[in-house]
Amino acid sequence: MSNSSCFHCGDPCGKNEIIFQEKNFCCHGCKTVFEIFSENDLTCYYDLEQSPGAQPSDIQGKFNFLDDDIIKEKLLEFKDDNLEIVSLNIPHIHCSSCIWILENLHKLKSDIVFSQVDFGKKTLRIHYNTAHYSLKDLVILLSSIGYEPNINLENFNAKNQKIDRQIYYKLGIAGFAFGNIMFLSFPEYFDVDEFWLETYKPLFRWLMFFFSLPVVFYAARDFFVSAFNGLKAKLLNIDVPIALGILVLFLRSTVDIMFDLGSGFFDSLSGLVFFLLVGKFFQAKTYNFLSFERDYKSYFPMAVTKLTKSNEEIPVQVYDVKKGDRLIIRNQELIPVDGVLINGIAKLDYSFVTGESKTVNKVSGDKIYSGAKQTSGVIEMEAIKSVEQSYLTQLWSNDVFKEKKTKRFTSLTNRISKHFTLTILIIAFLATAYWLIVDPSLALNVFTAVLIIACPCAIALSAPFTFGNLLRIYGKSKFYLKNAEVIERMASIDTIIFDKTGTLTSNNSGTVKYEGSILNAEEKILLTNTLRGSNHPLSRTLYDLIDKKNLISLDYFEENIGHGLTGTYHHDAVKIGSANYVGYKKDSPKLNTSVHVSTNNEYKGKFTFYNTYRKGVSQLFRVLKKHYDLVILSGDNQGDLENLKKILPSKTKFIFNQKPEDKLDYIKYHQSEGAQVMMIGDGLNDAGALAQSDVGIAISENINVFSPACDAIMDASQLIKLDKYIKASKSSIKIIKWSFLLSFLYNIIGLYFAVTGQLEPVVAAILMPLSSISIVVFTTIATQFVGRALELKPE
């Protein structure tokens, strides 16, 4: 029996030992995982407490407080039997390489399901399995690769966390040392031949050495730690060439003064670190000032129904929900805030949070988490905290729901980030080898300047800041996109498909007429409470018109999308929907929008709707027809066809009596023919069509259907600006292409001067952050100009 330990998991190999690539493994599973991670150029940290290269016990002990359940409860966003979700502040996120590493944590640890970086906030959101992994293990892993989270135990509110002042201390020390070293270097600069200066020259040089020590070992520490942890994990991040350049300058300068070969490069070294820190400081300030944080408090188009003390139901914006408010959650609505279930049957779908479609039953008194979707009728809950919109938007943009759609700029920047550092190292070594032969005195300057001047950040930031700023501009104009990739796809569409009911027609106008038998009191109560559970535009219109007294909790509720509703209470049942759904076979040939009603399998009558179209629809279609194929794809009948033909362009296609699956098939067919399709409808009934389209936009009119099926939510009042939104997306693509060009020119010109020995390392340190800042400023100003030119602001 072998006494060796498994290279992968650290367990004893035993009699099943497998030797692969001169390494010992305890089983085929460990060997297979090692092969997988080798292919991805990543080191596997499965159990840091047991595996080779484990962190010292003091590092593990530092995070023992994370074993406390009370502390964990405050940090976690979501928790169930097998999954936990946490968002951590990571101060050391500063370039696209950092993003790539942190969003590939699942390759380091199989228990990590998903990780997503918010660059502007410097936060990392992680889903992980809890069977064999804990929050403490996760934090230790992050610390081991150089991304230790900033966890403040005194205050869990991120807005009130203490400011990290380390950057100020490091700037002060580096600036002080730089100034003094420059002062001590003056005699060397001017080659002054003076007795006392010559006598004390060795002292001056050793003073410069001592001044450089805090610069290298304190002020520049973050560069070395990040580079070391990256190399330990077999990752080449952007700090590797910077740390290498600082180290070479320090060692070469130390050797020079020890053997009296010269004064070294301590001035360049301290200046390099000082200006790198200055650049880092101003980059952070610039990003914060131009932040595209998704805080859409005053305009995010999502409403929830609040129950007042007088039992009146009023729609309120989600950001107005406060602790203690009673909320009504209808079928298919999202729970916007953590709370306690008060009334009703809660059947919650947490797939929005976890990615797994599994219904969880809750009873009165149970705690329910935000992000769950109610799937059976109406429930009443009490909020136990205020709504965090940033959390809701994170759920919506969760990668779990993303399809494999084209991401040109995202994939391009990822490829650049992944190979950039290796390319720069190769150029630096080749250029240094050349100058060692031609002019050895320039070799060190060339080596350091090449490592410092080239930076992928300017290229990597072009798309995020352009799209991010446009997201903010869209949001202020009540058009909210799931993520930046939607802008890319929106710029390439050639076909726009509209639903009719609730999209082109307004839910708040028009008239409704009832034809049929008079409903008794019990039937009216049952009808009211069944309509109460639905978010369909026609259901909401009817519910708003009916007397809302005697609200009850139904025994059973079902919504058959595209067909109708069923509700039961005690021994009575009601069906509301199409004629076929309620069992009525003698519908009149009148072609109007109608909702039929039957109780206890007895047909009662129908509600007929006379639609009013939204203001500006006719003008919008006339503008869009010049560039796009336009289609009306409706589940309704042709009753309004003649009215539509009067207000819409002649080339518009009209297709009626379409079930939800028919709409999906229609879009799929046109996509197979090469069309790039945008679908605009309501988030519930058109969910399949919205998901299938290249860009799916849900129209919002005081509703809470917050579905991962759609790519965007548009306030109904802003539909007339659709053409301007599309124009802005096309302009953003042009801005990114221009900023890519500027970034490549900067790197090519900078490398030329560095390789030819015409660029000092200190100057390179000044130019490197300026390049990133200039790109950020350019993209921000350009997108602001586009927004103003197209008048994208709320009305």
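Look a little higher up for the structure.
Report follows, based on the coordinates. The shown structure was predicted, so the numbers you read here are calculated from the model rather than taken from an experiment.

**Considering the side chain of Thr503**
Link 1 in the chain: Topologically, Thr503 is positioned in the loop between strand E19 (495-498) and strand E20 (511-516).
Link 2 in the chain: Other than its neighbours up to four places away in sequence, Thr503 contacts Arg614, Ile680, Gly681, Asp682, Ile699 and Leu719.

**Regarding the sheet that holds strand E16 (residues 373-374)**
Link 1 in the chain: Read from one edge to the other, the open sheet built from 3 strands follows the order E14-E13-E16, with strand pairing classed as antiparallel. A single partner strand is all that each edge strand has here, and the edge strands are strand E14 (359-362) and E16.
Link 2 in the chain: As paired strands, strand E13 (residues 346-349) and E16 are joined by 2 bridges and run antiparallel to one another. Looking at E16, one finds that Leu348 is bridged to Gln374.

**Some points on the pattern of salt bridges**
Link 1 in the chain: This structure, assessed with the given rule, holds 15 salt bridges.
Link 2 in the chain: Arg205 is paired through a salt bridge with Asp260; the nearest N and O atoms lie 3.0 Å apart. With Arg205 in helix H8 (residues 201-219) and Asp260 in the loop between helix H10 (239-258) and helix H11 (266-289), the pair connects residues that are 55 residues apart, well separated along the chain.
Link 3 in the chain: We note a salt bridge from Arg330 to Glu333, for which the minimum N-O separation is 4.0 Å.
Link 4 in the chain: Overall, the relative accessible area of 1% leaves Glu333 in the buried class.
Link 5 in the chain: Beyond isolated ion pairs, a larger network of salt bridges with shared partners links Glu313, Arg330, Glu333 and Arg532.

**Considerations on helix H25 (residues 722-755)**
Link 1 in the chain: Relative to the 50 Å expected for 34 residues at 1.5 Å per residue, H25 spans 50 Å between its end C-alpha atoms, a close match to the ideal helical length.
Link 2 in the chain: Positive phi shows up at Gly757, right after H25, with a value of about 75°.

**Section: the packing of helix H18 (residues 521-532) against helix H19 (residues 537-545)**
Link 1 in the chain: Close contact between H18 and H19 brings their axes to 9 Å; oriented N to C, the two are set at 135°. Here H19 runs oblique to H18, going by the angle between their axes. Of the two elements, H18 crosses H19, and the hand of that crossing is left-handed. For the pair H18 and H19, contact is made by Thr528, Leu531 and Arg532 and by Ser539, Leu542 and Tyr543, respectively.
Link 2 in the chain: Class assignment of the residues belonging to the contact of H18 with H19 gives a composition of 3 nonpolar, 2 polar and 1 charged.

**A few points about the pairing of strand E30 (residues 712-715)**
Link 1 in the chain: Every second residue of E30 is oriented toward a common face, with Ala712 and Met714 on one face and Ile713 and Asp715 on the other, all of them buried.
Link 2 in the chain: Bridging between strand E29 (residues 695-700) and E30 involves 4 bridges; their strand directions are parallel. Looking across to E30, one finds that Ala698 is bridged to Ile713.

**Observations regarding the packing of aromatic side chains**
To describe a pair of aromatic rings, you give the distance between the ring centres and the angle between the ring planes.
Link 1 in the chain: Considering all chains together, one arrives at 18 aromatic pairs under this definition.
Link 2 in the chain: Relative to Phe479, the ring of Tyr474 lies with its centre 5.2 Å away and its plane at 70°, an arrangement referred to as edge-to-face. The two residues Tyr474 and Phe479 agree in class, both being buried.
Link 3 in the chain: Ring geometry for Phe479 versus Tyr725: centroids 4.4 Å apart, planes at 25°, classification stacked. Placement of the pair is Phe479 in strand E18 (residues 479-481) and Tyr725 in helix H25, with a sequence separation of 246 residues. The same class applies to Phe479 and to Tyr725, which are both buried.
Link 4 in the chain: Through successive ring pairs, a cluster of aromatic residues spans Trp206, Phe209, Phe210, Phe217, Phe250 and Phe266.
Link 5 in the chain: Over the aromatic face of Tyr218 sits the side chain of Lys170, whose NZ or CZ is 5.7 Å from the ring centroid.
Link 6 in the chain: Its guanidinium or amino end placed over the ring of Tyr581, Lys575 lies 5.5 Å from that ring's centre, counting from NZ or CZ.

**Quick notes on the environment of Leu341**
Link 1 in the chain: By the secondary structure assignment, Leu341 is in strand E12 (residues 339-343).
Link 2 in the chain: Residue class for Leu341 comes out buried when judged on its relative accessible area of 1%.
Link 3 in the chain: A sequence separation of 23 residues divides Leu341 from Ser364, and the C-alpha atoms of the two residues are 5.0 Å apart.
Link 4 in the chain: Each residue touching Leu341, except ones within four places of it in the same chain, is listed here: Ala346, Lys362, Val363, Ser364, Gly365, Asp366, Ile368, Ile379, Glu380 and Met381.

**Focus on the pairing of strand E7 (residues 112-118)**
Link 1 in the chain: Among the 7 residues of E7, 5 are classified as buried, and the element is accordingly described as predominantly covered.
Link 2 in the chain: The pairing of E7 with strand E8 (residues 123-129) spans 6 bridges and is classified as antiparallel. By the bridge assignment, Gln116 is partnered in E8 with Arg125.

Definitions and cut-offs
Residues numbered from 1 in each chain as written. Predicted model: local features only at pLDDT ≥ 70, side-chain atom pairs only at ≥ 80, totals over all residues. Heavy atoms only, no water. Helix = DSSP H or I, 4+ residues; strand = E, 2+ residues; numbered from the N terminus. Contact = heavy atoms within 4.5 Å. Pairing = 2+ DSSP bridges. Salt bridge = Lys/Arg side-chain N within 4 Å of Asp/Glu carboxyl O. Buried < 20%, exposed > 50% of the residue type's maximum accessible area, 1.4 Å probe, protein only. Expected span 1.5 Å × (residues − 1). Axes fitted to C-alpha atoms, helices over the stretch in contact; angles between N-to-C directions. Parallel < 35°, antiparallel > 145°, perpendicular 65-115°, else oblique. Left-handed = near helix turned anticlockwise from the far one by under 90°. Nonpolar A, V, L, I, M, F, W, Y, C, P; charged D, E, K, R; others polar. Phe/Tyr/Trp six-rings, centres within 6.5 Å; stacked < 30°, edge-to-face > 60°. Lys NZ or Arg CZ within 6 Å of the ring centre and 35° of its normal.

Without other data, these values stay purely geometric and don't point to any function.
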